[in-house]
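Letter by letter, the chains look like this.
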Amino acid sequence: MAVLICGGAGYVGSHNVRAFKEHGEDVIVVDSLETGHRASVPEDVKFYQEDIRNGEALDKIFAENQVEAVVHFCAYSLVGESMELPLKYFDNNVGGMISLLEAMHRHNVKRIIFSSTAATYGEPKRVPILETDPTEPTNPYGESKRIMEKMMKWVSSQHDIRYVSLRYFNVAGAWRDGTIGEDHKVETHLIPLILQVPLGKREHITIYGDDYPTNDGTCIRDYIHVEDLARAHLLALNYLRDGGESNIFNLGSGDGYSVMEMITAAREVTGHPIPAVIGTRRAGDPAKLVADSTKAGKILRWKPEITKMQDIIASAWKWHKSHPKGYED
Ligand code: UDP
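Residues numbered from 1 in each chain as written. Predicted model: local features only at pLDDT ≥ 70, side-chain atom pairs only at ≥ 80, totals over all residues. Heavy atoms only, no water.

*Asks:* Before we move on, can you summarise helix α7 (residues 226–241) with the specific residues and values?
*Replies:* For an α-helix, 3.6 residues make a turn, and residues three or four places apart therefore share a direction. With 16 residues, α7 should reach 22 Å at 1.5 Å per residue; the first-to-last C-alpha distance of 23 Å fits that figure. Of all the 16 residues making up α7, 13 are buried; the element is thus mostly covered by neighbouring parts of the structure. Within two residues after α7, Gly-243 carries a phi angle of roughly 95°, on the positive side. (Helix = DSSP H or I, 4+ residues; strand = E, 2+ residues; numbered from the N terminus. Expected span 1.5 Å × (residues − 1). Buried < 20%, exposed > 50% of the residue type's maximum accessible area, 1.4 Å probe, protein only.)

See below:
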């Protein structure tokens with residue numbers, strides 16, 4: 001029986017493909033390659049270049065393979081773009097989930113692990129954030145993921161499909177051998193942008209505001225290594241295999257690092273001075289986002305292992321240094 005990884009050629013998806021293979025799982029990937037990279041998926045993995053909104057394509061995949069479970073990463077994920085083009089996000093993210101759940105129902109596939117996000121919470125009322133805290137997304141990206149979670153809930157009660165939704169905080173780093181990593185056409189994330197400075201692609205990093213109510217005035221986030229994240233998906237799959245009920249888990253380290261601290265750590269790792277310039281706040285950035293992942297620890301027995309910020313940044317640096325043009329190299 002195989003695990004179908006939807007969006008397995010993206011950043012988080014491709015690391016999951018590696019982790020699942022390493023644990024002896026039989027994996028199949030479907031990815032439209034609109035934002036993913038074929039080169040991020042090993043040659044020996046069965047690969048379908050399809051958009052999951054195409055139900056006939058999914059029928060073919062489910063007919064050709066014995067799929068036991070689905071791990072679902074297909075989504076647009078740029079917060080800023082989602083504000084400008086909300087319907088693009090609802091069409092792709094929500095539309096993709098409808099098509100996928102319909103196909104799973106048609107083909108009697110009963111388990112799904114879903115890539116969700118801390119953006120489902122919006123501006124937190126308190127930190128660390130618990131799964132039971134209110135979800136009031138402040139952008140269409142987060143809203144689309146929350147809608148997808150709710151859809152799984154209703155479908156699961158009606159069609160006997162069980163799901164695990166994993167709400168990621170800030171995913172970072174790269175696979176340990178530096179052969180796969182983060183490569184977005186439009187880069188908006190802090191660590192890859194910081195590392196563009198020592199790569200000679202930008203002169204400085206801009207800090208989006210230093211007047212937040214935090215120790216050094218810059219925003220605090222909870223960074224989680226992509227390999228630790230992938231391991232949580234494996235644990236979630238085994239949890240469902242063991243009969244676990246549908247559930248939602250936060251995935252974060254529980255530790256917060258400020259933008260300033262991240263830049264300092266990157267200077268240590270790269271040995272480059274990485275000049276930083278203070279800019280204005282980015283719209284919609286909460287001052288502090290930190291996960292309470294106690295539930296994932298208790299129920300999934302998940303614990304992040306790569307927690308030192310220097311180690312997380314070093315793994316990203318290994319990838320970027322050896323692939324300055326990403327998968328074009
Ligand atoms: N950030 C920054 N400069 C940049 C990119 C990001 O200061 O060039 C800050 C951003 O305001 C946020 C943190 O870094 O506080 C992490 O941002 P990222 O976009 O990586 O992830 P997010 O927390 O928005 O999901």
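*Asks:* Kindly report on the site of the ligand, identifying the contributing residues and their values.
*Replies:* Not every one of the 15 residues close to the ligand is listed here, only the nearest: Leu-190, Thr-206, Arg-221, Arg-282 and Asp-285. For the ligand, an oxygen atom lies 2.9 Å from a polar atom in the side chain of Asn-170. Taking Arg-282, its side chain carries an N or O atom lying 2.7 Å from an oxygen atom of the ligand. Burial of the ligand by the protein chains amounts to 87% of its free accessible area of 520 Å². Contributing elements (two or more residues each) for the shell around the ligand: α6 (190–195) and β8 (205–208). (Near = heavy atom within 4 Å. Polar contact = N/O pair within 3.5 Å; in protein donor to acceptor, adjacent residues only side chain to side chain. Areas by Shrake-Rupley, 256 points an atom, 1.4 Å probe, with all protein chains shown as cover.)

*Asks:* Tell me about unusual backbone geometry, and please be specific about residues and values.
*Replies:* Look at the link from Val-127 to Pro-128: it is a cis peptide, with omega at -10°. Note that Pro-128 resides in the loop between β5 (111–117) and α5 (140–159). Backbone geometry at Leu-33 places phi at a positive 65°, although glycine is not the residue there. Relative to the elements of secondary structure, Leu-33 occurs in the loop between β2 (27–30) and β3 (46–48). Unusually for a residue other than glycine, Asp-160 sits at a positive phi of about 60°. If you trace the backbone, Asp-160 turns up in the loop between α5 and β6 (162–168). Assessed through its relative accessible area of 53%, Asp-160 is described here as exposed.

*Asks:* Please set out empty space enclosed by the protein residue by residue, giving values where relevant.
*Replies:* Counted according to the given criterion, the structure contains two cavities of 30 Å³ or more. Quantified by volume, the largest cavity comes out at close to 60 Å³. Forming the boundary of the largest cavity are Tyr-121, Glu-123, Pro-124, Lys-125, Arg-126, Ile-129, Asp-133 and Pro-134. Class assignment for the residues of the lining of the largest cavity results in four nonpolar, no polar and four charged. Roughly 30 Å³ of volume is contained in the second largest cavity. Lining the second largest cavity are Gly-173, Ala-174, Glu-182, Ile-191, Pro-192, Ala-316, Trp-319 and His-320. At the level of secondary structure, the elements contributing two or more residues to the lining of the second largest cavity comprise α6 and α10 (309–322). The dominant element in the lining of the second largest cavity, judged by the number of residues it contributes, is α10, at three residues. Partitioning the lining of the second largest cavity into residue classes produces five nonpolar, two polar and one charged. (1 Å grid on protein atoms, 1.4 Å probe; cavity = no way out; pocket = protein on both sides within 12 Å on 5 of 7 lines; lining within 4 Å. Points joined across faces, edges and corners; volume = space filled by probe spheres on them. Nonpolar A, V, L, I, M, F, W, Y, C, P; charged D, E, K, R; others polar.)

*Asks:* How would you explain the packing of aromatic side chains if you had to name every residue and give the values?
*Replies:* Going through the model one piece at a time under the given rule, you end up with four aromatic pairs. A ring pair is formed by Tyr-76 and Tyr-89, whose centres lie 5.5 Å apart and whose planes are at 55°; its orientation type is tilted. Placement of the pair is Tyr-76 in the loop between β4 (67–72) and α3 (79–84) and Tyr-89 in helix α4 (residues 86–106), with a sequence separation of 13 residues. Its relative accessible area of 11% is what places Tyr-76 among the buried residues. Overall, Tyr-89 belongs to the buried group, its relative accessible area being 0%. Residues Tyr-239 and Phe-249 carry aromatic rings whose centres are separated by 6.0 Å and whose planes lie at 90° to one another, so their mutual orientation is edge-to-face. You can see Tyr-239 sitting in helix α7 and its partner Phe-249 sitting in strand β11 (residues 247–251), a full 10 residues away along the chain. Among the residues examined, Phe-249 registers a relative accessible area of 0% and is labelled buried. Taking NZ or CZ as reference, Lys-88 lies 4.7 Å from the ring centre of Tyr-76, over its face. Sitting above the plane of the Tyr-212 ring, Arg-281 keeps its charged end 3.9 Å from the centroid. (Phe/Tyr/Trp six-rings, centres within 6.5 Å; stacked < 30°, edge-to-face > 60°. Lys NZ or Arg CZ within 6 Å of the ring centre and 35° of its normal.)

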